[in-house]
Amino acid sequence: MRKLRNIVLILVIMMITGVLRAQQAPMFTNYSKSYAAVNPGFYGLSEGVSVNSIYRDQYTGFNDWSTGERVSPRTFLISADMPIPAIAGGVGLSVVKDKIGLEDNVGVNIGYSYHLDLGSGTLGIGLALNLTNRTVDFSLANPLEDGDASIPNSKQTDMLFDGNFGLFYMIPDQFYAAASVTSLLETKGKVLAGNAASSASFVGDRTLYFVAGYEFHFTNSYFMLNPEMCLMSDIANTQFNIGAKLWYNEKFYFGTNYRFQESVAVMAGLNIKGFVLSYAYDINTMGYGVKGSHEVSLNYCFKLNLEKSPRIYSNVRYL
C-alpha cells in the first residue's frame, strides 16, 4: 500500500510550477444535512433555528505505515440557520474543519438568503462570505530527496476570502432542487516559498453542487420514501451520489447511498423528541485495501413563533 504522504508530495511536486490546491471539498454521505454549508439559498427554510452537526471519519484506520500516524481524512461540520421574516429571508452560519495528511483546513461561511414565493414552492436565493484558513505542515513530510528547494520545510498557512452563491427551490412535502457554487472567485493566497524555483500558492477550490430530493407518500401514511441525489464537481473531479431513505412515522429511517465508483453506504436514523441522530457506514468499492468510513450526525430545530409564508417548510430531513 502506498504511503498517503508520498501521494501528497507527488501532487505538490506536480503543481509546484502553478498553484497548490487542496483535496476535493469534503463530501458527506448524509449530504442532506450539509446543505446550509454548501448552499446559502437554504438559509431560513426551516421553522426556527436549525442546528446541524456532522462528523465523518473517512477510510478509518488508514495510517502511515512508516510512522503509524493517522493520515485518513477527518471532517467536522456544524451549521445553524434561521428565518427572519423582517428581512424577507433567512441567515446562516457554518464552520467546517477538514484534515487529511499534511493539510488542515478550517472554513467559515456566513450569509443571507432572500425567499421568493414561486409557484407552489419557495425559492431561496443566497449569498455567503467564505473564509478559509488553509495550512500545510511540510515539516512532517518525508521527501525522497532531502534539501529539495522546491518543497517548503515548515508549516505554511494563509487565510482566503471568497464567496458562495446558491439557489434552493422547495415544494413542501413533495420536492426540492438546488444548485450552488462555493469559493466562487477561487481566491489566490500567498506564495508558499520565497525562491525562484517555486511559485506554488494556496488557491480556493471552486466547487459546484446540484442536489434534488422527492417525497413519495405511500397509501399507508406511516411510511414515506425519500430518494435523493447529489452531484459535486470541481471540474477536475466529479462525485455523483444517489440514495434513498425509508421513514416510518417520522420516527426512524433506514436507507442506502451509492457514490459512483467509490462506495456503497448503509444508513439509519432516529428522531427522539426532535433530535435526529443519524449514522452511515460507507463500504469502500475501490479496492486498494482502503477501509470503510463512519459518519455520525445530530440535528435539532428550535421552533420559533414567526409569522411567515406557509410555503416555508421543515421536516426531519432538513433539521
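Here the structure is a predicted model, which is why all the values come from computation and not from measurement. All chains use their own residue numbering, which begins from 1 and follows the written sequence. Since the coordinates come from a predicted model, pLDDT governs what is reported: local features require at least 70, and pairs of side-chain atoms require 80 or more to be given and counted, while whole-chain, interface and lining totals use all residues. Water and hydrogen atoms play no part in the side-chain values, which are based on all heavy atoms of the structure.

Asks: When you look at the confidence of the model for the chain in this model, what are you seeing that I'm missing?
Replies: Per-residue confidence for the chain gives a mean pLDDT of 83, with 77% of residues at or over 70. Contacts of residues 1-22 to residues separated by more than four positions or lying in other chains number 55 contacts, the stretch itself having pLDDT below 50. Known as pLDDT, the predictor's confidence for each residue is given on a scale from 0 to 100. In this description, contact between two residues means that some pair of their heavy atoms is separated by no more than 4.5 Å.

Asks: What should I look at first to understand unusual backbone geometry in this one?
Replies: Working note: non-glycine residues mostly have negative phi, and peptide bonds are mostly trans. Even without being glycine, Asp173 reaches a positive phi, approximately 65°. Tracing the sequence through the fold places Asp173 in the loop between strand 6 (155-171) and strand 7 (175-182). Here the term buried applies to any residue with accessible area under 20% of the maximum for its type, exposed to any over 50%, and partly exposed to those in between, with areas from a 1.4 Å probe on protein chains only. In this structure Asp173 comes out as partly exposed when scored by relative accessible area, which is 40%. Here the phi dihedral of Asn249 falls at roughly 55°; this positive angle occurs in a residue that is not glycine. Only runs of H or I of at least four residues qualify as helices and only runs of E of at least two qualify as strands under DSSP, and these elements are numbered from the N terminus. Structurally, Asn249 is set in the loop between strand 13 (238-248) and strand 14 (252-259). Judged by relative accessible area, Asn249 falls into the partly exposed class, the value being 34%.

Asks: Help me understand the nonpolar core in this model?
Replies: Nonpolar side chains tend to gather and get buried jointly when the protein is soluble and globular. Side-chain atoms within 4.5 Å are what join buried Ala, Val, Leu, Ile, Met, Phe, Trp, Tyr and Cys residues into a set we call a nonpolar core. Of all hydrophobic cores here, the largest spans 21 residues; its most connected members are Tyr35, Phe42, Phe168, Tyr176 and Val211. If one sorts the elements of this core by residue count, helix 2 (residues 35-38) sits on top with four residues. When residues no more than four places from it in sequence are discounted, the contact partners of Tyr35 are Phe42, Phe168, Tyr176 and Val211.

Asks: Explain a nonpolar patch on the surface to me, please; I cannot follow it from the model alone.
Replies: Within this analysis, patches are made of residues with over 30% relative accessible area and no salt bridge. Like charges are joined at 9 Å or less; nonpolar side chains (Val, Leu, Ile, Met, Phe, Trp, Tyr) at 5 Å or less. Shrake-Rupley sampling with a 1.4 Å probe provides the accessible areas, and residues are treated as covered by the protein chains on show and by no other component. When a carboxyl oxygen of Asp or Glu is within 4 Å of a side-chain nitrogen of Lys or Arg, the pair counts as a salt bridge. Taken together, the side chains of Tyr222, Tyr248, Phe252, Phe254, Leu270, Ile272, Phe275, Leu277, Tyr279, Val296 and Leu298 present a nonpolar region at the surface, about 990 Å² in accessible area. When residues of the nonpolar patch are traced back to their parent elements, those giving at least two are strand 14, strand 15 (263-272), strand 16 (275-284) and strand 17 (293-303). Looking at the nonpolar patch, the element that brings in the most residues is strand 16, giving three residues. Positionally, Leu270 belongs in strand 15. What makes Leu270 partly exposed here is its relative accessible area of 38%.

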